[in-house]
Amino acid sequence: MTGFQFQMDVSGLSRSQQAIANYIAGALQRIPYCTDEEIAEKVGVSTATVSRFWRAIGYQNLKDFKKALQQAGQSGQATPARKMEHILNKVEHIEADIVGELIEIASSNLAETAKRVERGQFVGASEALHAARKIYLHGGGAASFLTELLAFRLERIGLETQRLAASGSELLEGLMHAGSEDCVVLFGFVKRTPELTVLLDHRREAGYRTVLITDLLLSDMLEESDYVLQLDRGKLEGFHSMTAPVAIVEALTVAVTQRRGREGMDKLEKLHALRKRYAAQLPK
């Protein structure tokens, strides 16, 4: 998410205005071609609410926002191709140090993430995972591998996990079993999806706790989740690195292992013993 349009006092926005902001963050490349009426229809609010939104974030109207968007060079740059073009423009020559450039970007993301993650929220999230009867994991698109990584790490220390379907009604097949003793981890990047909405809505009935890992700085999901870990993946129009999300997954794993104490270490030692015993049949 870029700083240019969303540096504001979040507490001054209504829930409807936050919904508008979320929609714009996820559809920035289409905004230059939208009208207030079209945005209102997409978000499910009135046209008057959209009109008031522009003034709330410091613009006279949609036209004024489009002008600022164009001047900032944001317009039309948030597609996957544009994001890759953004990084390729920084390494124009074959001889360019692509490794160095990507590591520099990742380092910047990590440094910003270290500032954004509230330590109290992190502690609460690790405790929720440690105490859960079962941990459900949801991540769509590029985030799907994060659910695999977190499940792999947590299962090693004796926690039970289940990956929920990334999209569609199949998500409900696993969610139907989640209850008050469970925890659901949600990876929510760029925008709020229908699946994230369902997962956060159903918690009211099922009673499970939620841990939201997100790069959104402004979203009503932040208030609806029990614990929120905010991180940085780069600017909206730029290359989105997954370095920071992986770092958060690894940090959670270490924190949960620490909380489990001897029990967690015993599981790891048992794994080591099994590997040693069957090394000939199942080489690493």
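As a reminder, the structure under discussion sits directly above these lines.
Cut-offs applied
- Residues numbered from 1 in each chain as written.
- Predicted model: local features only at pLDDT ≥ 70, side-chain atom pairs only at ≥ 80, totals over all residues.
- Heavy atoms only, no water.
- Helix = DSSP H or I, 4+ residues; strand = E, 2+ residues; numbered from the N terminus.
- Contact = heavy atoms within 4.5 Å.
- Pairing = 2+ DSSP bridges.
- Axes fitted to C-alpha atoms, helices over the stretch in contact; angles between N-to-C directions.
- Buried < 20%, exposed > 50% of the residue type's maximum accessible area, 1.4 Å probe, protein only.
- Arc of directions from axis to C-beta.

**Student:** Just checking my understanding: could you explain the overall build of the protein for this structure?
**Tutor:** Each helix and strand counted, the protein has 13 helices and 5 strands in total. For the protein, contacts bridging at least 24 residues in sequence account for 70% of all contacts bridging at least 6.

**Student:** Can you help me understand the sheet that holds strand 1 (residues 135–139) in this one?
**Tutor:** Pairing between sheet strands relies on hydrogen bonds along the backbone, with the strands arranged either parallel or antiparallel. An order of 2-1-3-4-5 is seen for the 5 strands of this open sheet, with the pairing classed as parallel. Two strands bound the open sheet, and with one partner strand each, they are strand 2 (161–163) and strand 5 (227–230). Adjacent strand axes in the sheet meet at a mean angle of 15°, parallel and antiparallel pairs treated alike. Pairing of strand 4 (residues 209–214) with strand 5, which is carried by 4 bridges, proceeds in the parallel orientation. From the neighbouring strand, V211 faces strand 5, where its bridge partner is Y227.

**Student:** When you look at the environment of L186 in this model, what are you seeing that I'm missing?
**Tutor:** Inspection of the secondary structure puts L186 in strand 3 (residues 183–188). For L186, a relative accessible area of 0% corresponds to the buried category. In the structure, L186 is positioned 43 residues away from A143 in sequence and 9.6 Å away in space, judged by C-alpha atoms. With residues near it in sequence (within four places) discarded, L186 still touches H138, L196, L199, L200, T210, V211, L212 and I213.

**Student:** What's the story with helix 3 (residues 47–56) in this structure? I'm lost.
**Tutor:** An α-helix turns once per 3.6 residues; consequently, residues spaced three or four apart project the same way. Turning to helix 3, its buried residues are T49, V50, F53 and W54. Along the long axis of helix 3, the arc covered by the buried residues comes to 145°, so they all point the same way. With its phi angle positive at about 100°, G58 sits one or two positions after the end of helix 3.

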